[in-house]
Amino acid sequence: MPTQQIPDTLPRAQTVSRPDTRADVIVIGAGPTGLACAIEAQRAGFKVIAIDKGCVVNSIYNYPANMSFFTTPELLEIGDIPFSTSRQKPTREEALEYYRKVAEHYHLDIRQYQWVKTVMGRDGEFNITATDRLGRIYDYSARKLIVSTGYYDLANEMRIPGEDLPKVFHYYREPHPYFDTDVLVIGGKNSAAISALDLWRHGARVTLVHRGPRMHNHVKYWILPDIENRIKNGEIAAYFNSAVTEIDPDGISPGL
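Predicted, not measured: the structure shown is a model, and the values here were computed from it. (Residues numbered from 1 in each chain as written. Predicted model: local features only at pLDDT ≥ 70, side-chain atom pairs only at ≥ 80, totals over all residues. Heavy atoms only, no water.)

1. Concerning the pattern of salt bridges
Side chains that carry opposite charge are capable of pairing whenever their charged atoms lie near each other. Summed over all chains, the structure comprises 16 salt bridges. The salt bridge partner of Glu94 is Arg87, with a shortest N-O separation of 2.9 Å. The exposure class of Glu94 is buried, given its relative accessible area of 17%. A residue is classified by how much of its surface remains accessible, and Arg87, at 45% relative accessible area, is partly exposed. The shortest N-O distance in the salt bridge between Asp132 and Arg136 comes to 2.7 Å. On the basis of relative accessibility, which here comes to 13%, the residue Asp132 falls in the buried class. The class of Arg136 is partly exposed, set by a relative accessible area of 42%. One connected set of salt bridges, linked through shared partners, spans Arg201, Asp226, Arg230 and Glu235. (Salt bridge = Lys/Arg side-chain N within 4 Å of Asp/Glu carboxyl O. Buried < 20%, exposed > 50% of the residue type's maximum accessible area, 1.4 Å probe, protein only.)

2. Let's talk about unusual backbone geometry
Of note, Asp180 is a non-glycine position whose phi angle comes to about 60 degrees, a positive value. Topologically, Asp180 is positioned in the loop between strand 6 (137-147) and strand 7 (182-186). At Asn241, a residue that is not glycine, the phi angle is positive and equals roughly 50 degrees. For Asn241, the location among the structural elements is in the loop between strand 9 (237-239) and strand 10 (243-248). (Helix = DSSP H or I, 4+ residues; strand = E, 2+ residues; numbered from the N terminus.)

3. Here we look at helix 1 (residues 32-43)
When the terminal C-alpha atoms of helix 1 are compared, their 16 Å separation across 12 residues agrees well with the 16 Å that a helix rising 1.5 Å per residue should span. Three or more residues of helix 1 are buried, namely Gly34, Leu35, Ala38, Ile39 and Ala41. Along its buried surface, helix 1 packs onto strand 1 (22-28), strand 2 (48-51), helix 3 (92-105) and strand 3 (110-111). In the stretch just after helix 1, Gly45 is the one whose phi turns positive, near 100 degrees. (Expected span 1.5 Å × (residues − 1). Contact = heavy atoms within 4.5 Å.)

Have a look at this one:
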């Protein structure tokens, strides 16, 4: 049999040159604060690199899809760039677009999807190691280091049996997948109230469990009456002074 030749037109592995990894200032975290720090350092004439384990403003990206901010747009502005919106309170989608435009405007050097694993050295001589989603290693060096990693990526885990089941989520995205299903919301603050109401309005059967005696007093004043009325009317079931002690594939184990 004739030997089959591999045509020269097949794609071949290419060596990709990595961008410069030395900077005057490295910012760990590309959220709004990290971007603001990078802008100010760059304005002062320093070479700046921002590194984030996710995308630009990754925490905002992971907010519920239809979320509106509690604050007004001017309080979200950075880099002297106006945040234009027709609404009194901007949406998640508007915020994502705003911060993308700011990053483009200032030509910020942002290394997305790189997770900083080690920071060594001292003031004037920092060495940072990061890995990307393929496990490749990146070594950075900088004179100054700014850490602006925030807290949203750190879920409030309950540390109970069954918390790692596929049906358990620590972040709420959108209600559609839960139509005509039983959903348990654990918590009594803003996120729990907003999630419970959104799920109920989109056809889920919602139960709320909270270890306190009532909804927390930090729930926003325009949300609190809504969730309290839904509970009062029996539209959302609620168990206060209660806690979930175990989650199994078919239900939960409550503790009082």
